[in-house]
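# Per-entry structural report
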Amino acid sequence: AGGGGGCQLPAEWRPLSEGCRAELAAIIVYARVLALHPDPYGAYNYLPWQRGPPAGPQQGAGGLFYSAEIELLCDQAWGSMLEVPAGSRLNLTGLGYFSCHSHTVMQGYAYFFFLRMDENYILLPHGVNFQEAIFPDTQENRRMFASLFQFSNCSQAQHVLSFSSDWEIQEDNRLMCSSVQKALFEEEDRVKKLQQKVATLEKRNKQLRDRVKKVKRSLRQARKNTRHMEQMNRKLSEKLSSAGGQIPYINSLKQENSHATYLKV
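Residues numbered from 1 in each chain as written. Predicted model: local features only at pLDDT ≥ 70, side-chain atom pairs only at ≥ 80, totals over all residues. Heavy atoms only, no water.

Quick look at the nonpolar core now. Counting 36 residues, the largest nonpolar core has Ile28, Val29, Val105, Phe113, Phe114 and Phe149 as the members making the most contacts within it. Leaving out residues up to four positions away in the same chain, Val105 has contacts with Val33, Leu36, Tyr66, Ala68, Leu95, Tyr111, Phe113 and Ile134. (Core = buried A, V, L, I, M, F, W, Y, C linked by side-chain atoms within 4.5 Å. Buried < 20%, exposed > 50% of the residue type's maximum accessible area, 1.4 Å probe, protein only. Contact = heavy atoms within 4.5 Å.)

Here you go:
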């Protein structure tokens, strides 16, 4: 795995078992690598979720990317979309050491391949769920993929591939795999809905906090206005009190002036 933002998996990514991914793979073959050929830096030399090829120099990348000529040792796995028999030779591209993952094989060795075909009928590794697409020819992997191949059609050199499958167990595993996937998807949907509810509640909570802030601000302003009015009333009362003592003197002056005027007449 390499660095870079393009290497990040989707947020909703969950790991799947090889059995579950085998159900989703478009093509599964058991084949030997006959030859390797250098591949130029091209359209398939980046991760599926990247918008374009990874950053970095494109020149001098020869040898990191290559294609392989492979020979099918068995008919393709049941349910595969490839209509070719055992012994067929195919070209597989999209191999090499990429910035965030690797699809590598060695000449002369056999592998189990998860493959897909693009719109130009080019065969590529099918990294279902962004996980491994190429499995070395080991006893463990033979047992894991034993239920997918009709071994009677395999080449005579592969007589060691004689694992018997208990179909009831295989079907039970298949059903369990589907049930597990369904449970995972349902749990993810439930989590998404809960996250949406939390986001809605957080938004409402923020709105309530903003309203409380406005009410507190209005209350502080109202208290400030009340204190100001109390001060104004107090000052007015003081002025009225100080002016109240001068009112009788003014009234008496008015009465004297009116009496003097009356005498002159």
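Turning next to the confidence of the model for the protein. Looking at the protein as a whole, its pLDDT mean stands at 76, while 67% of the residues score no less than 70. In the model of the protein, helix α4 (residues 247–264) stands out as the element of lowest mean pLDDT, 56, in contrast to strand β7 (residues 134–136), which has the highest, 95. Scored below 50 in pLDDT, residues 1–5 shows 7 contacts in the model against residues more than four places distant or in partner chains. Confidence drops under pLDDT 50 across residues 46–62; counting only partners more than four residues distant or on other chains, this segment forms 20 contacts. (pLDDT = per-residue confidence, 0-100. Helix = DSSP H or I, 4+ residues; strand = E, 2+ residues; numbered from the N terminus.)

Structurally, Leu36 can be placed in strand β1 (residues 27–38). C-alpha separation for the pair Leu36 and Ile70, spaced 34 residues apart in sequence, amounts to 9.1 Å. Not counting residues within four places of it along the chain, the set of residues in contact with Leu36 comprises Tyr66, Ser67, Ala68, Val105 and Gln107.

A complete count under the given rule lists 6 aromatic pairs for this structure. Through successive ring pairs, a cluster of aromatic residues spans Tyr30, Phe112, Phe114, Phe135 and Phe145. (Phe/Tyr/Trp six-rings, centres within 6.5 Å; stacked < 30°, edge-to-face > 60°.)

By the bridge criterion, 6 bridges tie β1 to strand β5 (residues 110–117) in an arrangement that is antiparallel. Within the sheet, the bridge partner assigned to Tyr30 lies in β5 and is Phe112. By the bridge criterion, 7 bridges tie β1 to strand β2 (residues 65–72) in an arrangement that is antiparallel. If you follow Arg32 over to β2, its bridge partner there is Glu71. (Pairing = 2+ DSSP bridges.)

Where charged atoms from two side chains of opposite charge come close, those side chains can pair. Using the criterion set out here, one finds 3 salt bridges in the structure. Glu69 serves as the salt-bridge partner of Arg89, at 3.9 Å between the closest nitrogen and oxygen. Of this pair, Arg89 sits in strand β3 (residues 89–97) while Glu69 sits in strand β2, and the two are 20 residues apart along the sequence. Among the residues examined, Glu69 registers a relative accessible area of 22% and is labelled partly exposed. The salt bridge partner of Asp137 is Arg142, with a shortest N-O separation of 2.6 Å. Taking the relative accessible area as the measure of exposure, Arg142 reaches 10% and is therefore buried. (Salt bridge = Lys/Arg side-chain N within 4 Å of Asp/Glu carboxyl O.)

This paragraph deals with a positive patch on the surface. A cluster of basic side chains, namely Arg209, Arg211, Lys213, Lys214, Lys216, Arg217 and Arg220, defines a positive patch on the protein surface. Relative to the helices and strands, Arg211 is located in helix α3 (residues 167–244). Looking at Arg211, the relative accessible area reads 55%, which means it is exposed. (Patch = residues over 30% accessible without salt bridge, like charges linked within 9 Å, V, L, I, M, F, W, Y side chains within 5 Å. Areas by Shrake-Rupley, 256 points an atom, 1.4 Å probe, with all protein chains shown as cover. Lys, Arg positive; Asp, Glu negative; His and termini not counted. Charge placed at Lys NZ, Arg CZ, Asp CG, Glu CD.)

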